[in-house]
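Here is what each chain is made of, one letter per residue.
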Amino acid sequence: MSTFTKGISMFLLSILIMALLIMVALGFMLGFSHPLPWVLVFFVLIIPFVHDKVVAKRYLHWDNSMNTGIELIDNDHKKLLGLINQLQTATRYQIDDEMIENTLNELIEYTKYHFDREEQLMRINHYPGYEAHKELHKQMIKKVSQSVEGYKTDKAHTIDETLAFLKSWLVNHIKGRDQDYAPYLKIKKLD
Ligand SMILES: [Fe+2]
């Protein structure tokens with residue numbers, strides 16, 4: 001959602017709340033025993049909860065289907081989820097560009113560091129799908145690096161695209177391809 005679209009939706013939400021409040025005031029003119037204003041009051045009160053639920057859905061949440069059973073990998077994945085959520089917060093509150101750029105850079109650096117550790121574990125465990133998995137990592141780094149470059153020229157558009165890509169790629173990768181190597185990794189630690 002671009003900054004402009006975010007602004008429009010907040011404006012529409014404010015208009016909706018104002019309209020409901022006016023209708024509540026008018027409704028009470030029918031008398032306090034009339035059900036209509038109370039129904040409207042109910043809607044006014046649930047709007048913040050519904051809004052919070054919608055916002056919460058944009059964030060990534062760890063669940064058991066993401067567990068690989070390898071502590072080092074799971075901790076890295078949790079850290080990556082945290083960084084993506086940090087980026088989500090930074091864009092949601094339109095925190096300054098420098099912070100978004102720093103978070104993106106941190107995310108790329110940590111992703112590289114994590115992929116390297118994953119690949120080391122695959123190598124020392126002679127995982128047969130190592131080359132194909134390594135290629136996926138390479139493509140991911142390339143795509144995110146391109147997005148970061150694009151962010152510098154088209155901030156509002158690129159950051160939303162990057163976030164959507166990161167969220168779906170990371171979750172699908174953790175729940176999918178990373179589960180494939182888990183049974184092969186008998187050595188679970190690096191020196
Ligand atoms: Fe991976």
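The structure we're discussing is the one just above.
Now for a look at the structure at hand. Because the structure is a prediction, the values reported are computed rather than measured. All residue numbers refer to position in the chain's written sequence, counted from 1. Given that this is a predicted model, residues contribute local features only at a pLDDT of at least 70 and side-chain atom pairs are listed and counted only at 80 or more, while totals for whole chains, interfaces and linings are drawn from all residues. Hydrogens and water molecules were not included; the side-chain quantities draw on all heavy atoms of the structure.

1. Some points on the side chain of Glu-119
Then step 1. Note on placement: Glu-119 falls in helix H4 (residues 97-124).
Then step 2. Of the side chains with opposite charge, Arg-123 comes closest to the buried, unpaired Glu-119, at an N-O distance of 4.8 Å.
Then step 3. Contact definition: two residues touch when any of their heavy atoms are within 4.5 Å. With residues near it in sequence (within four places) discarded, Glu-119 still touches Tyr-130, Lys-134 and His-137. Comment: elements are numbered from the N terminus, with helices defined as DSSP H or I runs of at least four residues and strands as E runs of at least two. Accessibility here uses a 1.4 Å probe with only protein chains present; expressed as a share of the type maximum, an area under 20% marks a residue as buried, one over 50% as exposed, and anything in between as partly exposed. Under this rule, positive means Lys or Arg and negative means Asp or Glu; His and the chain ends count for nothing. Salt bridges, as used here, are contacts in which a Lys or Arg side-chain nitrogen is within 4 Å of a carboxyl oxygen on Asp or Glu.

2. Overview of the coordination of the iron ion
Then step 1. The donor set covers N, O and S atoms within 2.8 Å of the metal, switching to 3.2 Å for Na, K and Ca, and it leaves out water, so a site may look short of donors. Those protein atoms acting as donors to the iron ion are Glu-118 (OE), His-133 (NE2), His-137 (NE2), His-173 (NE2) and Asp-178 (OD), and they sit at 2.1 to 2.4 Å.
Then step 2. Using a relative accessible area of 0% as the deciding quantity, one classes Glu-118 as buried.
Then step 3. For His-133, a relative accessible area of 1% puts it in the buried group.

3. A closer look at the environment of Thr-111
Then step 1. Considering the arrangement of structural elements, one finds Thr-111 in helix H4.
Then step 2. Between the alpha carbons of Thr-111 and Val-144 there is a distance of 10.0 Å; along the sequence they are 33 residues apart.
Then step 3. Apart from the residues within four sequence positions on either side, Thr-111 is in contact with Leu-80 and Ile-141.
Then step 4. Polar contacts involving the side chain of Thr-111 include one to the main-chain carbonyl oxygen of Leu-107, which spans 2.6 Å. As used in this structure description, the phrase polar contact means that two N or O atoms lie within 3.5 Å; if the pair is within protein, one of them must be able to donate a hydrogen and the other to accept it, and residues adjacent in sequence are counted only when both atoms belong to side chains.

4. Details of helix H2 (residues 35-56)
Then step 1. Counted at 1.5 Å a residue, the expected span for H2 with its 22 residues is 32 Å, and the 32 Å between its end C-alpha atoms agrees.
Then step 2. Ile-46 marks where H2 bends most, by close to 35 degrees; the proline Pro-48 follows one to four residues later.
Then step 3. Every buried residue of H2 is listed here: Pro-37, Leu-40, Val-44, Ile-47 and Val-55. By definition here, a helix of n residues has an expected span of 1.5 Å times n minus one. What is called the bend at a residue is the angle between a pair of axes, fitted to the seven residues leading up to and ending at it and to the seven starting from it.

5. Quick look at the packing of aromatic side chains
Then step 1. Only Phe, Tyr and Trp rings take part, Trp by its six-membered ring, and two of them pair if their centres are within 6.5 Å. Stacked means planes under 30 degrees apart, edge-to-face means over 60, and tilted covers everything else. Tallied over the full model, the rule gives seven aromatic pairs.
Then step 2. For the pair Tyr-127 and Tyr-184, a centre-to-centre distance of 5.1 Å together with 65 degrees between the ring planes defines the contact as edge-to-face. Taken together, the residues Tyr-127 in the loop between H4 and helix H5 (130-153) and Tyr-184 in the segment after helix H7 (177-181) connect sequence positions 57 residues apart.
Then step 3. Accessibility expressed as a relative area gives 12% for Tyr-127, which makes it buried.
Then step 4. Here Tyr-184 falls in the partly exposed class, since its relative accessible area comes to 41%.

6. Focus on empty space enclosed by the protein
If you roll a probe as big as a water molecule over the atoms, it shows you where there is empty space left.
Then step 1. Here a cavity is any set of points on a 1 Å grid over the protein atoms alone where a 1.4 Å probe fits but cannot get out, and a pocket is any open set with protein on both sides within 12 Å along at least 5 of 7 lines; a residue lines the site when it has an atom within 4 Å of a point. Grid points are joined across faces, edges and corners, and a volume is the space filled by probe spheres set on the points. Scanning the entire structure with this criterion turns up one cavity of 30 Å³ or more.
Then step 2. For the largest cavity, the calculated volume is near 40 Å³.
Then step 3. The wall of the largest cavity is formed by Leu-80, Ile-84, Leu-107, Thr-111, Met-140, Leu-166 and Leu-170.
Then step 4. Looking at the lining of the largest cavity, the elements with two or more residues in it are helix H3 (71-92), H4 and helix H6 (155-175).
Then step 5. In the lining of the largest cavity, the residues fall into six nonpolar, one polar and no charged. Residue polarity follows a fixed list, in which Ala, Val, Leu, Ile, Met, Phe, Trp, Tyr, Cys and Pro are nonpolar, Asp, Glu, Lys and Arg are charged, and the others, Gly among them, are polar.

7. Quick notes on the pattern of salt bridges
When their charged atoms lie close together, side chains carrying opposite charge are able to pair.
Then step 1. Scanning the entire structure with this criterion turns up five salt bridges.
Then step 2. The residue Asp-63 makes a salt bridge to Lys-175 at a minimum N-O spacing of 3.5 Å. Residue Asp-63 is found in the loop between H2 and H3, and its partner Lys-175 is found in helix H6; the two are separated by 112 residues along the sequence.
Then step 3. Residue Asp-63 is classed as partly exposed on the basis of its relative accessible area of 29%.

8. Things to note about unusual backbone geometry
Then step 1. Phi at His-126 is positive, roughly 55 degrees, even though this residue is not glycine.
Then step 2. Looking at the secondary structure, you find His-126 in the loop between H4 and H5.
Then step 3. Note on His-126: relative accessible area 68%, which makes it exposed.

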